[in-house]
Amino acid sequence: MSSQNNNSVARYFDTMDYGPAPESDTDARQWLAGHAQGFGHFIDGRFTQAAADARFETAEPATGQRLASIAQGTAQDIDAAVAAARAAQAGWLALGGHGRARHLYALARMVQRHARLFAVVEALDNGKPIRETRDLDVPLVARHFYHHAGWAQLQEREFADQAPLGVIGQIVPWNFPLLMLAWKIAPALALGNTVVLKPAELTPLSALLFAELAAQAGLPPGVLNVVTGDGATGAALVAHEGVDKIAFTGSTEVGRLIREATAGSGKSLTLELGGKSPFIVFDDADIDAAVEGVVDAIWFNQGQVCCAGSRLLLQEGIAGDFIERLKRRMQSLRVGSPLDKAIDMGSLIDATQLERVRALVATGVREGASCYQAPGALPPGGSFFPPTLLTNVHPASTVATEEIFGPVLVTITFRTPDEAVALANNTRYGLAASVWSETIGLALGIAPQLQAGVVWVNATNLFDAGVGFGGYRESGYGREGGREGCYEYLKPRAWAARKPRTAIEVAQAANEAKETNKAQPKPSSALPGIDRTAKLFIGGKQVRPDGELSHPVLAANGQRAGEVGTGNRKDIRNAVAAARAAAGWSSATPHRRAQALYYLAENLWSRADEFAARIASLTGVAASGAQAEVEASVSRLFAYGAWADKYEGTVHVPPLRGVALATVEPMGVVGVVCPDEAPLLSFVSLLAPLLAMGNRTVVVPSEKHPLVATDFYQVLETSDLPTGVVNLVTGPAASLAHTLAEHDDVDALWVFGAKELSRNAERLSVGNLKRTLVDHGLATDWHDAAAAEGPVFLRHATQVKNIWIPYGE
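Residues numbered from 1 in each chain as written. Predicted model: local features only at pLDDT ≥ 70, side-chain atom pairs only at ≥ 80, totals over all residues. Heavy atoms only, no water.

As for the overall build of the protein
Scanning the protein from N- to C-terminus turns up 31 helices and 34 strands. The C-alpha atoms of the protein give a radius of gyration of 29 Å, which matches the 28 Å a tight globule of 809 residues would have. Counting across all 809 residues of the protein, residues that qualify as buried make up 58%. Contacts in the protein between residues at least 24 apart in sequence constitute 76% of all its contacts with a sequence separation of at least 6. On the protein, roughly 30800 Å² of surface is accessible, and the fraction owed to carbon and sulfur atoms is 53%. (Helix = DSSP H or I, 4+ residues; strand = E, 2+ residues; numbered from the N terminus. Rg over C-alpha atoms; globule rule 2.2 N^0.38 Å. Buried < 20%, exposed > 50% of the residue type's maximum accessible area, 1.4 Å probe, protein only. Contact = heavy atoms within 4.5 Å. Areas by Shrake-Rupley, 256 points an atom, 1.4 Å probe, with all protein chains shown as cover.)

This is how it looks when you write it as structure tokens:
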């Protein structure tokens, strides 16, 4: 070898300069050429002609060149797809778990056989580097189908009390088109549902390729349908009455629109929305490792990741050193063609997103931030943006609070762990977080305090089909992946038998002992009784309503049984404030919560005759029925006392050296609106699971029979429940539920009663996207433990946080 060549090799080792390493796109171009006339929708196992002639063009983000002609879906196309899915669902379910498992296994193998084609199509369509689609996206897609093939096989045993929802409408975003498809389709199909998928308008190709190859792999017609189009197509899918569930991943703004559109429809809903995730580095962290973590956190997929670690929180002692090392690392990042295997970043999705990122960076600079961008020329054409670092950022600035969805990192410093937690939680989002510290005790002490659905310890952007993913607060609700994700595509069999609540059904209990009530002698006294108006119960005290109003309560025989306070908006505000102040209950040990529930049961039982008499007089049930309701209420309190220290998390073992701890956490402050039937038992059945899991509550008792609940606050006063954990506000259910739904400091809302109450609760909860549990006017048999007790309520009383803990060298 010549000395000149030796010098050249040495120079390359010194400079690490290297040329492009392009991946061939021949197969992908041939597939596109086979659809040169344009793609139709994929409905009932084949590509079909669109109902309208409207089409749109998709382009490569990296070059702006045309890729394909895509059909614009209409309501008619959605009708056809939903009809095909509905017709196929019974047969798909009848295959049984093993039959569906074999189909999902075939889909996993299909993905692996065509891995290179999928990777190239995804890189062309989305603009992300081929290294990411090849090494991350496609393998994880196959993993999801393998994993959920296992759940299909085990469904009859592991989910025996659950049934599939039916037809699922799914809407996926443009940042991970194929991976999000797998996250949603795999569990839905595994558990006996059929699917209508609406891919993102900008990136439909991998979904159409998947559907085509799935049919070739033997997936029965109608089980998977793909309708392409823009937001109007998605809106038609959301509004379709034949859809039983909507699973959406996308922006928080669109998530709110979907929540409003589905309110009162009875559709199940999961939302995986935006994020502004903190990346916390303590002064004892491995700085070089943390710098590499930042690269993965914010410049992976050009920062177009909902859980991107876009807020870098640095402990003051290491901030200067860390920033200098990070800037040096940024200088080696390469931006280029997505098909170049040697680049680190590709193109943003389109010019609109590029302009948004530019505008937000300019806003950050105007608000006082210093901007550093990695040097180096950007490729001509396309929507490229360099890796960007903003320092001297104020926690309240626009770039620190708004999701940029681009390769832009903002930095903020902190002094103490408490300050780090406060800064991390200073966001309306709650999707993910990273904690970096060589002191594992510190890291594991911080993780539970972070209001995020996923926490990575000394790592970032780890995902697996067996580990649930999803957010808190305005990052949405529901989980994708793992056992917890399976429940999102199932419904309790016991709830399937519920019938609409009607005036006749509610009146049946009141008529049961009509003759008995007629025969009861009226009390007589020479002196008038001493008036006692039942007050509200807020912050551990009986308080008068703010409006100084009360209203009468009638017994079953029409006689006046007493009066209760009429709560208003301010009373709800005070009750929520008292509940928020009782945060210590959420950190109390499960044993402590269990003891409190047992004590409530004990005190209720000591007054069983009194409560039975009250129930009989108010509702008209026979004495034996009233006594049975009290006994069932005592039993239910015991049941949740038992569950309090037994409904626990689990340890996931994903395919890496490490574990993921799936911990169950309380929702926080939960509003509860109780129905009129079984006024004590329904009240206890809704309150007890929330208390068992550490929630604090604001309860609106039965509007018709509130005296049962106001009697119960005397039980609360003689128990050892901390003040503010249970607050009772009596009054009109509709107006109080309205206030609870609109209150942004309420984390979840349970509403049981008239159908209109459910609709309004869901519609009005969009402000902070609180999670709701409503009955849509369907009456629950509160004496049936299968329908009214156990894990079905505990799942709604908690949210799952997955804490990833890699270990080893």
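Side note on the nonpolar core
With 112 residues, the main nonpolar core has F145, F210, V281, W299, F322 and L326 as its most contacted residues. Membership of the second largest hydrophobic core comes to 68 residues, among which are L600, F611, L707 and F712. (Core = buried A, V, L, I, M, F, W, Y, C linked by side-chain atoms within 4.5 Å.)

Focus: the sheet that holds strand β21 (residues 533–534)
Judged by pairing direction, the sheet is mixed, and its three strands sit side by side in the order β21-β25-β24 without closing on themselves. The sheet terminates laterally at β21 and β24 (550–554), the two strands that pair on one side only. Inspection of the sheet shows β24 paired to strand β25 (residues 560–565) by five bridges, in the antiparallel sense. Considered in β25, the bridge of L554 is made with R560. Against the sheet, helix α27 (residues 707–717) makes contact with β21, β24 and β25, and its axis sits at roughly 65° relative to β25, the strand it touches most. (Pairing = 2+ DSSP bridges. Axes fitted to C-alpha atoms, helices over the stretch in contact; angles between N-to-C directions.)

Here we look at the pattern of salt bridges
Inspection of every chain in the model, using the stated rule, returns 36 salt bridges. With a shortest N-O distance of 3.4 Å, E402 and R428 are connected by a salt bridge. With E402 in the loop between α14 (398–401) and β15 (408–414) and R428 in the loop between α15 (417–424) and β16 (432–436), the pair connects residues that are 26 residues apart, well separated along the chain. A relative accessible area of 28% places E402 in the partly exposed class. Linking R636 and E789 is a salt bridge whose minimum nitrogen-to-oxygen distance equals 3.1 Å. Taken together, the positions of R636 in helix α25 (residues 623–644) and E789 in the loop between α30 (785–788) and α31 (791–796) put the pair 153 residues apart, joining distant regions of the chain. For R636, a relative accessible area of 4% translates into the label buried. (Salt bridge = Lys/Arg side-chain N within 4 Å of Asp/Glu carboxyl O.)

Notes on the sheet that holds strand β12 (residues 311–315)
Pairing in this open sheet of 10 strands is mixed, and the strands run β13-β14-β15-β12-β11-β16-β17-β34-β27-β26 from one edge to the other. Each of the sheet's edge strands pairs with one partner strand only, and the pair in question is β13 (370–373) and β26 (650–652). Direction aside, neighbouring strands of the sheet carry axes that sit 20° apart on average. Here three bridges tie strand β11 (residues 278–281) to β16, and the two strands are oriented parallel to one another. Within the sheet, the bridge partner assigned to I280 lies in β16 and is V435. Where α15 meets the sheet, it contacts β11, β12 and β15, and its direction lies at approximately 145° from that of β15.

Describing helix α12 (residues 316–330)
Spacing of three or four residues puts side chains on the same side of an α-helix, whose turn is 3.6 residues. With 15 residues, α12 extends 21 Å between its outermost C-alpha atoms, agreeing within 8% with the 21 Å of an ideal straight helix rising 1.5 Å per residue. Taking the largest bend as the criterion, α12 deviates by roughly 25°, centred on F322. Residues I318, A319, F322, I323, L326 and M330 constitute the buried set of α12. Those residues of α12 that are buried lie in contact with β11, α11 (287–298), β12, β13, β14 (388–391) and β15. (Expected span 1.5 Å × (residues − 1). Bend = angle between axes of the 7 residues up to and from the residue.)

Looking at empty space enclosed by the protein
For the structure shown, the criterion picks out six cavities of 30 Å³ or more. Along the walls of the largest cavity sit N175, F176, L179, M180, W183, E272, V305, C306, C307, F463 and F469, which together make up its complete lining. The greatest single-element share of the lining of the largest cavity, amounting to three residues, is contributed by helix α7 (residues 177–190). When the residues that make up the lining of the largest cavity are grouped by side-chain class, the tally is nine nonpolar, one polar and one charged. (1 Å grid on protein atoms, 1.4 Å probe; cavity = no way out; pocket = protein on both sides within 12 Å on 5 of 7 lines; lining within 4 Å. Points joined across faces, edges and corners; volume = space filled by probe spheres on them. Nonpolar A, V, L, I, M, F, W, Y, C, P; charged D, E, K, R; others polar.)

Some points on the pairing of β16
Most of β16 sits inside the fold, with five of its five residues counted as buried. The side-chain alternation of β16 yields two buried faces, one formed by A432, S434 and W436 and the other by A433 and V435. The sheet contact formed by β16 and strand β17 (residues 454–457) spans four bridges and is parallel. Each residue of the ladder has a partner; that of V435, found in β17, is V457. Taking the sense of rotation as the criterion, the β-α-β connection linking β16, helix α16 (residues 440–446) and β17 turns out right-handed. (Right-handed = clockwise from strand over helix to strand, strands pointing away.)

Some words on α25
Over its 22 residues, α25 runs 32 Å from end to end, which matches the ideal 32 Å to within 8%, given 1.5 Å per residue. Among all positions of α25, only A626, E629, V630, A632, S633, V634, R636, L637, A639, Y640, G641 and A644 are buried. Among the structural elements, α23 (590–606), α24 (608–619), α26 (679–692), α30 and α31 are those in contact with the buried residues of α25.

Looking at the packing of helix α5 (residues 115–126) against helix α8 (residues 205–216)
For the pair α5 and α8, interaxial distance at closest approach is 9 Å and the crossing angle is 155°. Our classification of the angle between α5 and α8 gives roughly antiparallel. Between α5, through L117, F118, V121, E122 and D125, and α8, the contact on the second element is made entirely by L205, S206, L209, F210 and L213. Counted by class, the contact of α5 with α8 contains seven nonpolar, one polar and two charged residues. (Parallel < 35°, antiparallel > 145°, perpendicular 65-115°, else oblique.)

Examining the side chain of E122
Structurally, E122 can be placed in helix α5. Notably, E122 is buried but unbridged: the nearest opposite-charge side chain belongs to K128, and the N-O separation is 5.0 Å. Side-chain polar atoms of E122 contact the side chain of S206, separated by 2.8 Å. Beyond its immediate chain neighbours, meaning those up to four positions away, E122 contacts G127, T133, F176, P177, L178 and S206. (Lys, Arg positive; Asp, Glu negative; His and termini not counted. Polar contact = N/O pair within 3.5 Å; in protein donor to acceptor, adjacent residues only side chain to side chain.)

A short note on the packing of aromatic side chains
Any two aromatic rings considered together are summarised by their centre-to-centre distance and by the angle between their planes. Evaluation of the coordinates by the stated rule reveals 24 aromatic pairs. For R795, the ring lying beneath its charged end belongs to Y487, and the centroid distance is 3.8 Å. (Phe/Tyr/Trp six-rings, centres within 6.5 Å; stacked < 30°, edge-to-face > 60°. Lys NZ or Arg CZ within 6 Å of the ring centre and 35° of its normal.)

Comments concerning the side chain of S206
Positionally, S206 belongs in helix α8. Classification of S206 by relative accessible area gives buried; the value is 1%.

Observations regarding the environment of L333
Counting through the fold element by element, L333 comes out in the loop between α12 and α13 (351–366). By relative accessible area, which is 9% here, L333 ends up buried. As for L333 and W299, which are separated by 34 residues in sequence, their C-alpha atoms are 9.2 Å apart.

Structural notes on unusual backbone geometry
Only a minority of non-glycine residues have a phi that is not negative, and only a minority of peptide bonds are not trans. The phi angle at Q302 is positive, at roughly 60°, despite the residue not being glycine. Inspection of the secondary structure puts Q302 in the loop between α11 and β12. Exposure remark for Q302: the relative accessible area of 0% places this residue in the buried category. Phi is positive for H776, which is not a glycine, with a value near 50°. Of note, H776 is situated in the loop between β32 (771–774) and β33 (778–779).

Digging into the packing of α24 against α25
Two quantities define a packed helix pair, namely the angle between the helix axes and the distance between the axes. The contact between α24 and α25 brings their axes to 8 Å, and the two run at 125°. The angle between the axes of α24 and α25 places the two elements in the oblique class. Seen along the crossing, α24 lies across α25 with a hand that is right-handed. Between α24 and α25, the contacting residues are A608, D609, F611, A612, I615 and A616 on the first element and A626, Q627, E629 and V630 on the second. (Left-handed = near helix turned anticlockwise from the far one by under 90°.)

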